[in-house]
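Survey of secondary and tertiary structure
The lines below spell out each chain.
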Amino acid sequence: MNLYRYASPATFHPLAGRLVPWFAALAAALAAAGLYISFFVAPTDFQQGEGYRIIFIHVPAAWMSMFIYIVMAFWSAIGLAWNTRLSFVMARALAPTGAMFTFVALWTGALWGKPMWGAWWVWDARLTSSLILLFLYVGYMALQAAIDDPRRADRAGALLNLVGVINVPIIYFSVKWWNTLHQGASVSLTRAPSMAQTMLWGMLVMALAAWMYTIAVALVRARTLILERERQTEWARAVLKEEA
Amino acid sequence: MSHPPLLSAQDIACERSEHTLFQALGFELGVGEALLVRGGNGRGKTSLLRILCGLSQPAAGAVHWRGAPLAHVHEQYGREMAYVGHVNGIKDDLTPLENLRLAADLGGRVLDEDAAVAALERLGLGRCLDLPARVLSFGQRRRVALAGLVTAGALLWILDEPLTGLDVHGVALVEGLIRDHVLAGGMAIMTTHQPLSLDGLTPKSVSVGD
Amino acid sequence: MLRFLIAVIRRDILLAARRRGDWLTAQFFFIMVTSLFPLGIGPEPAMLRTIGPGVVWVAALLACLLSLGRLYADDHRDGSLEQLLLAPYSNALLALGKAIAHWIINGIPLLLIAPVLGIQFGLPADALAVLVLSLAIGTPVLSLLGGIGAALTLGLRGGGVLITLLILPLYVPVLIFGAGAVDGTLSGTGAEAHLSLLGAVLVMALLVAPWISALALRVSVE
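Heads up: these notes are all about the structure in this document. Just so it is clear, the structure is predicted and the values come from calculations on it, not from any experiment. (Residues numbered from 1 in each chain as written. Chains lettered and ligands numbered in written order. Predicted model: local features only at pLDDT ≥ 70, side-chain atom pairs only at ≥ 80, totals over all residues.)

Digging into the overall build of chain A
For the record, the criterion: The helix and strand labels rest on DSSP assignments: H or I over at least four residues marks a helix, E over at least two residues marks a strand, and numbering proceeds from the N terminus. Residue burial is a threshold on neighbouring C-beta atoms within 10 Å of the residue's own C-beta, all placed from the backbone, with 20 or more meaning buried, 12 or fewer meaning exposed, and counts in between meaning partly exposed. This entry defines residue contacts through backbone-placed C-beta atoms, with two residues in contact when those atoms are within 7 Å.
A tally of helices and strands in chain A yields eight helices and zero strands. Listing every helix and strand of chain A by position from the N terminus yields α-α-α-α-α-α-α-α. Of all 244 residues assigned to chain A, the portion counted as buried reaches 39%. Restricting the contact set of chain A to residue pairs at least 6 apart, pairs at least 24 apart contribute 79%.

Remarks on the overall build of chain B
Test applied: As defined in this context, the radius of gyration uses C-alpha atoms, and a globule is described by 2.2 Å times the residue total to the power 0.38.
In terms of helices and strands, chain B carries six helices and nine strands. Relative to the globule expectation of 17 Å for 210 residues, the C-alpha radius of gyration of chain B, 17 Å, shows essentially globular dimensions. Dimensions of chain B, computed from C-alpha atoms along their principal axes, come out at roughly 45 × 35 × 30 Å. Long-range pairs, those at least 24 residues apart, make up 70% of the contacts in chain B with a sequence separation of at least 6.

A few points about helix H6 (residues 91–120) of chain C
Residue and element names in this part refer to chain C. Convention followed: In this analysis, the expected span of each helix is defined as 1.5 Å times one less than the number of residues it contains. Given a residue, its bend is the angle between the two axes fitted to the seven residues that end at it and to the seven that start from it.
With 30 residues, H6 extends 42 Å from end C-alpha to end C-alpha; this agrees with the ideal 44 Å at 1.5 Å per step. Of all the bends found along H6, the most pronounced is centred on Ile104 and spans about 35 degrees. Positive phi shows up at Gly122, right after H6, with a value of about 70 degrees.

What about the sheet that holds strand S9 (residues 204–207) of chain B?
All names here are of chain B. Stated formally: Whether two strands pair depends on DSSP finding at least two bridges between them. Lines fitted to C-alpha atoms define the axes, with helix axes restricted to the stretch in contact, and inter-axis angles between N-to-C directions lie between 0 and 180 degrees.
With parallel pairing, five strands are arranged side by side in an open sheet as S6-S7-S8-S3-S9. Across the chains shown, the open sheet's two edge strands, defined by having one partner strand only, are strand S6 (81–84) and S9. Here the average twist between neighbouring strands, direction ignored, is 15 degrees. Here four bridges tie S6 to strand S7 (residues 156–160), and the two strands are oriented parallel to one another. Within S7, the position partnered with Val84 by the bridge is Leu159. Packing against the sheet, helix H5 (residues 138–152) makes contact with S6 and S7, and its axis sits at approximately 175 degrees to S6. Its contacts with the sheet place helix H6 (residues 168–183) against strand S3 (33–38), S7 and strand S8 (187–191), and it is angled at close to 145 degrees to S8.

So, the interface of chain B and chain C
Formally: Only Asp, Glu, Lys and Arg are considered charged, only Ala, Val, Leu, Ile, Met, Phe, Trp, Tyr, Cys and Pro nonpolar, and every remaining residue, Gly among them, polar.
Across the contact, 21 residues belong to chain B and 21 residues belong to chain C. Within the residue set of the side of chain B that touches chain C, elements represented by two or more residues are helix H2 (74–80) and helix H3 (96–106) of chain B. At four residues, H3 of chain B tops the list of elements feeding residues into the side of chain B that touches chain C. Here the side of chain B that touches chain C is composed, by residue class, of eight nonpolar, seven polar and six charged.

Some remarks on the sheet that holds strand S1 (residues 7–16) of chain B
All names here are of chain B. The sheet built from four strands is open, its strands ordered S2-S1-S4-S5 with antiparallel pairing. Where the open sheet ends on each side, the last strands, each with one partner, are strand S2 (19–29) and strand S5 (68–69). Of the strand pairs in this sheet, strand S4 (residues 60–65) and S5 are connected by two bridges, and their pairing is antiparallel. Each residue of the ladder has a partner; that of Trp65, found in S5, is Ala68. Each of S1, S2 and S4 touches helix H1 (residues 45–53); the most contacted strand, S1, lies at about 130 degrees to it.

A few points about the nonpolar core
Inclusion rule: To form a nonpolar core, buried Ala, Val, Leu, Ile, Met, Phe, Trp, Tyr and Cys residues must be joined through C-beta atoms within 7 Å.
By size, the foremost hydrophobic cluster in this structure holds 205 residues, and its most contacted members are Leu159 of chain A, Ile158 of chain B together with Ala60, Leu145 and Ala216 of chain C. When near neighbours in sequence (up to four residues on either side) are disregarded, Ala60 of chain C contacts Phe30, Leu110, Leu135 and Thr139 of chain C.

Observations regarding unusual backbone geometry
Residue and element names in this part refer to chain B. Even without being a glycine, Ala24 presents a positive backbone phi close to 50 degrees. Mapped onto the secondary structure, Ala24 falls in strand S2. Looking at Ala24, the number of C-beta atoms within 10 Å reads 10, which means it is exposed. Notably, Arg66 is not glycine yet its phi reads approximately 50 degrees, a positive angle. In this fold, Arg66 is placed in the loop between S4 and S5.

A short note on the packing of helix H8 (residues 159–187) of chain C against helix H9 (residues 192–221) of chain C
All names here are of chain C. Condition: Here roughly perpendicular refers to angles of 65 to 115 degrees, roughly parallel to angles under 35, roughly antiparallel to angles over 145, and oblique to all remaining angles. Here a crossing is taken to be left-handed if its near helix is turned anticlockwise relative to the far helix by less than a right angle, and right-handed if that turn runs clockwise.
Contact geometry for H8 and H9: axes closest at 8 Å, N-to-C directions at 155 degrees. Classified by the angle between their axes, H8 and H9 sit roughly antiparallel to one another. Where H8 crosses over H9, the handedness of that crossing is left-handed. Along its contact with H8, which presents Pro173, Val174, Phe177, Gly178, Gly180, Ala181 and Gly184, the element H9 presents His194, Leu195, Leu197, Leu198 and Val201. For the contact of H8 with H9, a count of residues per class yields eight nonpolar, four polar and no charged.

A short note on the packing of helix H2 (residues 9–41) of chain A against helix H7 (residues 197–229) of chain A
All names here are of chain A. Interaxial distance between H2 and H7 falls to 7 Å at its minimum, and their mutual angle equals 155 degrees. The angle between H2 and H7 places the two elements in the roughly antiparallel class. In this structure, H2 meets H7 at a crossing whose hand is left-handed. Residues that form the contact of H2 with H7 fall into these classes: 27 nonpolar, six polar and one charged.

Considerations on the interface of chain C and chain A
The partner chain A presents 24 residues to the 23 residues of chain C that form the contact. For the side of chain C that touches chain A, the elements supplying multiple residues, two or more each, are helix H7 (125–152), H8 and H9 of chain C. Looking at the side of chain C that touches chain A residue by residue, the class counts come to 18 nonpolar, three polar and two charged.

Points about the environment of Gly200 of chain B
Residues and elements named next belong to chain B. Take Gly200: it is sitting in the loop between S8 and S9. We classify Gly200 as exposed; it has 7 C-beta atoms within 10 Å. For the pair formed by Gly200 and Gly126, sequence separation is 74 residues and the distance between their alpha carbons is 29 Å.

Some details on the pairing of S2 of chain B
Residues and elements named next belong to chain B. Summarising the sheet, S1 and S2 pair through seven bridges and their orientation is antiparallel. Along S2, the bridge assignment pairs Glu15 with Thr20. Between S1 and S2, which follow one another and run antiparallel, lie two residues, and Ser17 among them has a positive phi close to 30 degrees.

Thoughts on the environment of Ala31 of chain A
All names here are of chain A. By the secondary structure assignment, Ala31 is in helix H2. Among the residues examined, Ala31 registers 17 C-beta atoms within 10 Å and is labelled partly exposed. In the structure, Ala31 is positioned 171 residues away from Gly202 in sequence and 9.7 Å away in space, judged by C-alpha atoms.

Points about the environment of Ser56 of chain B
Along the chain, Ser56 of chain B falls in the loop between H1 and S4. A count of 19 C-beta atoms within 10 Å places Ser56 of chain B in the partly exposed class. With 42 residues separating them in the primary sequence, Ser56 of chain B and Cys14 of chain B have C-alpha atoms 9.6 Å apart. If we skip the residues at most four places from it in the chain, Ser56 of chain B touches Arg50 and Ile51 of chain B together with Glu222 of chain C.

Here is the structure:
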């Protein structure tokens, strides 16, 4: 199998088009199953009552926010090393979804924090690092938006992404260190008390749904970006004519 | 000319925001030869010169200096090539002489001050040696940049519109400069919209974007 | 190689010396921002002593960013950046030289001003010494990382604001370790751990940042 064939925009565009409905359907099915488990199967927590159920959104979103940034850095590195335009497109297509999940993680964290800690925002190490991760996503997207030339936007974004990914562990470590030194805020979002088996299942299914959703949305976005960039070429014109 | 070509471009193509400016462009240049790049506005003359300098990468093809790709001989090429672009690359806060001294420092050379003054005087800047470049006219600043070519001692000159902003006298001076350089065994690549007369020297020519 | 590095540093210092007005702006910004905090918060000495290290450090980050916007922009505008990139030496060396020059021109003055500002916040002598030491290790990191941002945003509309968006999140560890060192001295837990971590960050930045800045310059100039 020739992998390079799939790296060509003209091949990738229709292939991605065929894959999108499958991933979208999987995302919907998994989300339905996950939500069912989280709301009806998982038991009520004896300490936190029903409010804890927000972790079924919060934890998968937090996982995805971190993971997507790493995947973006992977594509950026490939793009810089082998000069494959599709890799840059993938990195770029993932960024808004990553930012969205980071935002969701922060938002649900605040919603959960209010009943748990009595405050919307606690300078907990994880929340703080998530906030900085959101800044990194915003910086990446702002840089992409400010550059008109797609070739430069791709490369500049990729470099920033790589600098960011080297920094993420350092930032995380420094924030954690800062957190332990200052207030004794020992409450941590993921140290959920005695997680029941079904809770874990619910979170895993929801995480898978988030995965499938991310792939579907990134493919849709990548298709649009490719068409926009290749609009001068024969095949892109044919596609555009067909869709019009 | 029996010299082997020092600079060669094979099949180079250039793209600017999804547009192909030119493709399959190639030439060879040896010592004692000059090359004139022809083409209308926005056809990629400057882009070609920047590729030949090594400032940007061609979308396809390769440029070789002494048989090696430019990226591999960055340092050697930096010593043997001098570039004067659209903007002059001189600092407004420094005097012409300080500018040349700075360029020499950065190129790892020791500036021969007498030769530098002579070069500036040859280009008609004798009266402005102690003035900051800020107060010089556009044409005078252009002349400072071109005087830098003489003191750089490079083999290959790459000049983007060297004659813009120069008066009749200045044009003649610069034409003489280029001619002397090439006839003395140098090389030059340039673009120009103005007629260029290099007595006793017929430049090769290459066209972009027809 | 060393010669080129020194040539780049001397060049930037010479140019800064010819434009002292620009240079003073960032220093006065640093002084003013720190002086605004007591006005906003109130003059209780205990409170000021607690927030002092953080305020001085945050102001140092901002002052540094203010001057970073022009690190490559002037050279880009007048075409001398192209000449610098074509010089017969590695572009990473150029980026390193520019960062060192930026630190000498903008970082060292911060070190000299900081103790005075620290006194305004009622910091004791040992904390002042640690403040200067932490700035001495930390500000080079700001110049090195900031160079990447300056190179990436070269010639863009709103580059000055954009660079803060790109670079401030990357400054978080420096801020935490730098301000933490002074806090450690104040609270008696010691500053060594913070300072060694800051040193480790500096070593990493020295090894990585010049290369990435060089790549970014290439991308932006193309």
